[in-house]
Amino acid sequence: MSAFRPADDPERRKYQNPEAILAKIGLQAGQTFVDVGCGGGFFALPAARIIGKKGRLHGFDENAEAITSLKDLAAKEGLDNLELAIGNAEETILCDGCAHIVFFGLVVVHLAEPVKALENARKMLRSEGRLAVFDWKRKLTRQGPPLEQRLSEGQIVDFIKAAGFGGISVEDCGPYHYVITARL
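Quick look at the structure, then.

## Describing the pairing of strand β3 (residues 82–86)
Moving on, step 1. Pairing between strand β2 (residues 56–61) and β3: five bridges, direction parallel. The residue of β3 that forms the bridge with Asp61 is Ile86.
Moving on, step 2. Viewed along the sheet, the connection from β2 through helix α4 (residues 64–77) into β3 turns out right-handed.

This is the structure in structure tokens:
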């Protein structure tokens, strides 16, 4: 799913502000947030801080080293609202109808079966919940992966529709990224 990268990479923060991105998708205190492909916690740790003690963060990644590192970082920070697991998006459902937001941050391009993963996200969402996909624009940029390793907004929207979502909204998220939200 996601490559293991440091949770708080100062270079990455120059072009990806996790707090601003999480605010853009509507994350609030007390919510339940699922971070699909959470890696080392670049989005998970800020999300855990935002949702606070009354919130719950469920995160998973295929990379066991990343999960171990994220658990250690959360413990050092005194964050006890995270439940982390090793797993992949095509097979993992961490909760049934519990999430206010299921988040795919720079993950969909790495999935073998994106529609199946998004169908699993549906199962984790509350009836009023929201799917959020944050990813690289499919254009040449100074930052990010090569063009052939990016999916367009239209490709992601097609996967989301195939998984049975509606209420789809595509928004620009700075010079390098877009964010797509959808509802059940």
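## Here we look at the pattern of salt bridges
Moving on, step 1. Evaluation of the coordinates by the stated rule reveals eight salt bridges.
Moving on, step 2. Note that Arg49 and Glu77 form a salt bridge whose closest N and O atoms lie 2.5 Å from each other. Taken together, the residues span a long stretch of sequence, with Arg49 in helix α3 (residues 44–51) and Glu77 in helix α4 at a distance of 28 residues.
Moving on, step 3. Residue classification places Arg49 among the partly exposed positions, given a relative accessible area of 39%.
Moving on, step 4. A relative accessible area of 38% means that Glu77 is categorised as partly exposed.
Moving on, step 5. Taking the shortest distance from any N to any O, the salt bridge between Arg126 and Glu128 comes out at 4.0 Å.

## Quick notes on the side chain of His58
Moving on, step 1. Take His58: it is sitting in strand β2.
Moving on, step 2. What makes His58 buried here is its relative accessible area of 8%.
Moving on, step 3. Among all residues touching His58, those that are not within four sequence positions of it are Thr32, Phe33, Val34, Asp35, Glu83, Leu94, Cys95 and Cys98.

## Some words on the packing of aromatic side chains
Moving on, step 1. Under the defined criterion, the tally for this structure stands at seven aromatic pairs.
Moving on, step 2. On the numbers, 5.3 Å between centres and 90° between planes, the contact of Phe42 with Phe43 is edge-to-face.
Moving on, step 3. Overall, the relative accessible area of 4% leaves Phe43 in the buried class.
Moving on, step 4. Their ring planes at 55° and their centres at 6.3 Å tell us that Trp136 and Tyr176 sit as a pair that is tilted. You can see Trp136 sitting in strand β5 (residues 125–136) and its partner Tyr176 sitting in the loop between β6 (166–173) and β7 (177–183), a full 40 residues away along the chain.
Moving on, step 5. Among the aromatic residues, ring-to-ring pairing joins Phe33, Phe42, Phe43, Phe103 and Phe134 into one connected group.
Moving on, step 6. One Lys or Arg, Arg12, reaches over the ring of Phe42 and ends 3.7 Å from the middle of that ring.

## Concerning the sheet that holds β6
Moving on, step 1. With respect to topology, seven strands assemble into an open sheet ordered β3-β2-β1-β4-β5-β7-β6, the strand pairing being mixed. Across the chains shown, the open sheet's two edge strands, defined by having one partner strand only, are β3 and β6. The sheet shows a mean angle of 15° between the axes of neighbouring strands, taken without regard to direction.
Moving on, step 2. Running over the sheet, α3 touches β1 (32–36), β2 and β3 and is turned about 170° from β2.

## Here we look at α4
Moving on, step 1. Helix length check: α4 (14 residues) gives 20 Å between terminal C-alpha atoms against 20 Å at 1.5 Å per residue, within 8%.
Moving on, step 2. Taken as a whole, α4 has its buried residues at Ala66, Ile67, Leu70 and Ala74. End-on, the buried residues of α4 take up no more than an arc of 95°, which puts them together on one face. Away from the buried face of α4 by more than 90 degrees, exposed residues Glu65, Ala75 and Lys76 are located.
Moving on, step 3. Contact partners of the buried residues in α4: α3, β2 and β3.
Moving on, step 4. Just downstream of α4, Gly78 is the residue with a positive phi angle, here 75°.

What counts and what doesn't
- Residues numbered from 1 in each chain as written.
- Predicted model: local features only at pLDDT ≥ 70, side-chain atom pairs only at ≥ 80, totals over all residues.
- Heavy atoms only, no water.
- Pairing = 2+ DSSP bridges.
- Helix = DSSP H or I, 4+ residues; strand = E, 2+ residues; numbered from the N terminus.
- Right-handed = clockwise from strand over helix to strand, strands pointing away.
- Salt bridge = Lys/Arg side-chain N within 4 Å of Asp/Glu carboxyl O.
- Buried < 20%, exposed > 50% of the residue type's maximum accessible area, 1.4 Å probe, protein only.
- Contact = heavy atoms within 4.5 Å.
- Phe/Tyr/Trp six-rings, centres within 6.5 Å; stacked < 30°, edge-to-face > 60°.
- Lys NZ or Arg CZ within 6 Å of the ring centre and 35° of its normal.
- Axes fitted to C-alpha atoms, helices over the stretch in contact; angles between N-to-C directions.
- Expected span 1.5 Å × (residues − 1).
- Arc of directions from axis to C-beta.

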